[in-house]
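# Notes for the structure review
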Amino acid sequence: MTCLLAFSLAMAAPSAARSDGVTQDRKIMGWLETVFLRPLNLRVTAKLDTGAKTSSLHAGNVEHFSRDGDPWVRFEFRADKTADPIRIERPLVRKAVIKERLSRSSTRDVVTLTICKNGRDYETEFTLNDRSSFNYPVLLGRSFLADVALVDSAATFIFKGDQDACGQRGNGSDAKSGKP
């Protein structure tokens, strides 16, 4: 009976009902997956973290500026520790208070970026943070994962980056500036 119940739950997992009654197809993904950062089409390893509410992106040398009277940020992103930095400019969406270990909290800039996974583009919010001391430059939190993925904590790279249709698309951008 226990095996039957576990099998039934496993079969039902990819198509889950949300609290608003809408059924959403979600893919099972590993705790590490390859994603492509748009519009650069930059291949990046992302950690999928169900313990984090908001996604986070490595950002160095963050500068605030104004464009047409609106607040923007400019920052350097590295796909990995050995990669050359890429300068990205994005509108500042908001500031978020992030709860950290030992009851501390910090305020971080939030931008919207598009990532591509499994041939599909997703626009989501990212807090900007110096993640140079972490293993992965991108963390995907629950606000992204909720409608996209179920995380298998025992698996990594269930969907191979070199087989992802996202990697086959042209980048259509100036890779040095991060502008479309």
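Residues numbered from 1 in each chain as written. Predicted model: local features only at pLDDT ≥ 70, side-chain atom pairs only at ≥ 80, totals over all residues. Heavy atoms only, no water.

### Some words on the pairing of strand β5 (residues 42-48)
Alternating residues of β5 divide into L42, V44, A46 and L48, all buried, and R43, T45 and K47, none buried. Bridge count for strand β4 (residues 32-37) against β5 is six bridges, and the pairing is antiparallel. The partner of E33 across the bridge, within β5, is A46. Between β4 and the antiparallel strand that follows it, β5, lie four residues; N41 among them carries a positive phi value of about 60 degrees. The sheet contact formed by β5 and strand β13 (residues 138-140) spans three bridges and is parallel. Paired with L48 across the two strands is L140, which belongs to β13. (Buried < 20%, exposed > 50% of the residue type's maximum accessible area, 1.4 Å probe, protein only. Helix = DSSP H or I, 4+ residues; strand = E, 2+ residues; numbered from the N terminus. Pairing = 2+ DSSP bridges.)

### A closer look at the layout of surface pockets
Computed from the structure, the largest pocket encloses a volume of approximately 720 Å³. What lines the largest pocket is a set of 23 residues, and nearest its centre among them are A52, I98, K99, R108 and L139. Mapped by element, the contributors of at least two residues to the lining of the largest pocket are β10 (94-99) and β12 (120-129). When its residues are assigned to classes, the lining of the largest pocket shows seven nonpolar, six polar and 10 charged. (1 Å grid on protein atoms, 1.4 Å probe; cavity = no way out; pocket = protein on both sides within 12 Å on 5 of 7 lines; lining within 4 Å. Points joined across faces, edges and corners; volume = space filled by probe spheres on them. Nonpolar A, V, L, I, M, F, W, Y, C, P; charged D, E, K, R; others polar.)

### Points about the sheet that holds strand β9 (residues 86-91)
Pairing within the open sheet is antiparallel, and its three strands lie in the order β7-β8-β9. Two strands lie at the open edges of the sheet, namely β7 (60-67) and β9, each paired on one side alone. Strand-to-strand twist across the sheet, computed as the mean angle between neighbouring axes with direction ignored, equals 20 degrees. Where β7 lies against strand β8 (residues 70-77), six bridges are found, and the strand directions are antiparallel. Pairing of S66 across the sheet is with P71, part of β8. (Axes fitted to C-alpha atoms, helices over the stretch in contact; angles between N-to-C directions.)

### With respect to the nonpolar core
L42, L57, F75, F77, I115, V138 and L140 are the most contacted members of the largest nonpolar core, which has 29 residues in total. At four residues, β5 tops the list of elements feeding residues into this core. Those residues in contact with I115, other than ones at most four positions away along the chain, are V35, F36, L37, R120, D121, Y122, F126, L140 and F144. (Core = buried A, V, L, I, M, F, W, Y, C linked by side-chain atoms within 4.5 Å. Contact = heavy atoms within 4.5 Å.)

### Thoughts on empty space enclosed by the protein
By the definition in use, this model includes two cavities of 30 Å³ or more. Size it by volume and the second largest cavity reaches roughly 30 Å³. What lines the second largest cavity is simply V35, F36, L37, V44, L57, I115, F126 and V138. Partitioning the lining of the second largest cavity into residue classes produces eight nonpolar, no polar and no charged.

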